[in-house]
Amino acid sequence: MEITATMNTGATASFISKEFADRLRTVGEVVSTRREVRMADGRYEEVTSLIEVDVGLGEGTVRMQLLILHNIIDALVVGWDFLTKVGARIECAGLSTAIPAGQVFRGREKVPVAIWKVMPFGLHSASATFQRALDQVIGPQIMPHAFAYQDDIIVIRRTLQEHKRNLKEVFRRLRAANLNINADKCKFFRKELQYLGHRVTDQGIETDPEKGAAIAQLKPQGNVKELRQYLGAASC
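Presented here is an overview of the structure given in this document. Since this is a predicted model, take the numbers as computed values, not measurements.

## Structural notes on the sheet that holds strand β3 (residues 29-38)
Across a sheet, paired strands are connected by hydrogen bonds in the backbone, their directions being either parallel or antiparallel. Strand order in the open sheet formed by 6 strands is β1-β6-β2-β5-β4-β3, and the pairing between neighbours is mixed. The open sheet has two edge strands, β1 (6-7) and β3, and neither has a second partner. Here strand β2 (residues 15-17) runs beside strand β6 (residues 76-78); their pairing, made up of 2 bridges, is antiparallel. The partner of I16 across the bridge, within β6, is L76.

In structure tokens, the structure reads:
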């Protein structure tokens, strides 16, 4: 049986989904255990069983213990216990590190880690990572008065004095996080602005008229083809 696995260098153990483990019961042995595993979202999940299977790599075979977890996306994930058994070299963004075969990983060894001061180009998760970082800067504490989406930050308040106070707090948080703003792209003390496709005024929030102008200015359809084109554009 050929299987595909996801490598997770942040996991000390390897694990498998319950559905996939059920398929491997004929070639593996299920053993009772009791462990707590820290998940990617920070919560802990108790593991009560694992499956031992022989995994073939090239001409050799490795005996693996795979923790059986419920409700996981990847069917099979290999962690440091697998990498230290077979030996591996990890390369990313021009950097590489070697993991010797037979090295015992107890969770206390110093693992080589590269940290960028500026996020490198090409990372598919760059947008989500930046948004998560910005959510920690412009957090729930000032959420009713300041909102952030990617590189767009909007600060609102009813009076001028309150608005200045909120701006000062946003600047303080940005400075503490070592984030710089481009003054040429900033607009201060505006009673109306365009934000994420909406028009924000002291009267409320409405759709940006320019976004619907293309639909409103369409000429009446004269045949079936033009009607289908209109329905396709209007339903986007």
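After presenting the structure, the write-up continues.
## Brief notes about the packing of aromatic side chains
Scanning the entire structure with this criterion turns up 2 aromatic pairs. When the ring of F171 is compared with that of F188, the centres are 6.2 Å apart and the planes differ by 75°; the resulting orientation is edge-to-face. Of this pair, F171 sits in helix α4 (residues 160-176) while F188 sits in the loop between α4 and β11 (192-195); the two residues are 17 residues apart in sequence, bridging distant segments of the chain. With relative accessibility at 37%, the residue F188 sits in the partly exposed group. Between F188 and F189 the ring centres are 6.5 Å apart and the planes differ by 45°, which places this aromatic pair in the tilted class. Here F189 falls in the partly exposed class, since its relative accessible area comes to 48%. Among the aromatic residues, those joined into a cluster by ring pairs are F171, F188 and F189.

## Focus: the pattern of salt bridges
Scanning the model with the defined rule gives 10 salt bridges in all. The salt bridge involving R34 is made with E46; its shortest N-O contact spans 2.2 Å. Of this pair, R34 sits in strand β3 while E46 sits in strand β4 (residues 44-57); the two residues are 12 residues apart in sequence, bridging distant segments of the chain. For R157, the salt bridge identified is with E162, shortest N-O distance 3.0 Å.

## So, the pairing of strand β12 (residues 198-201)
Relative to β12, β11 is paired through 4 bridges, and the arrangement is antiparallel. Across the sheet, residue Q194 finds its bridge partner in β12, namely R199. Here β11 folds back onto β12 in antiparallel fashion, the turn holding 2 residues, of which L196 has a positive phi close to 55°. Both β12 and strand β13 (residues 204-207) contribute to a ladder of 4 bridges, which runs antiparallel. Across the sheet, the residue bridging to H198 is T207, located in β13. Counting the residues between successive antiparallel strands, the hairpin from β12 to β13 contains 2 residues.

What counts, and at which threshold
- Residues numbered from 1 in each chain as written.
- Predicted model: local features only at pLDDT ≥ 70, side-chain atom pairs only at ≥ 80, totals over all residues.
- Heavy atoms only, no water.
- Pairing = 2+ DSSP bridges.
- Helix = DSSP H or I, 4+ residues; strand = E, 2+ residues; numbered from the N terminus.
- Phe/Tyr/Trp six-rings, centres within 6.5 Å; stacked < 30°, edge-to-face > 60°.
- Buried < 20%, exposed > 50% of the residue type's maximum accessible area, 1.4 Å probe, protein only.
- Salt bridge = Lys/Arg side-chain N within 4 Å of Asp/Glu carboxyl O.

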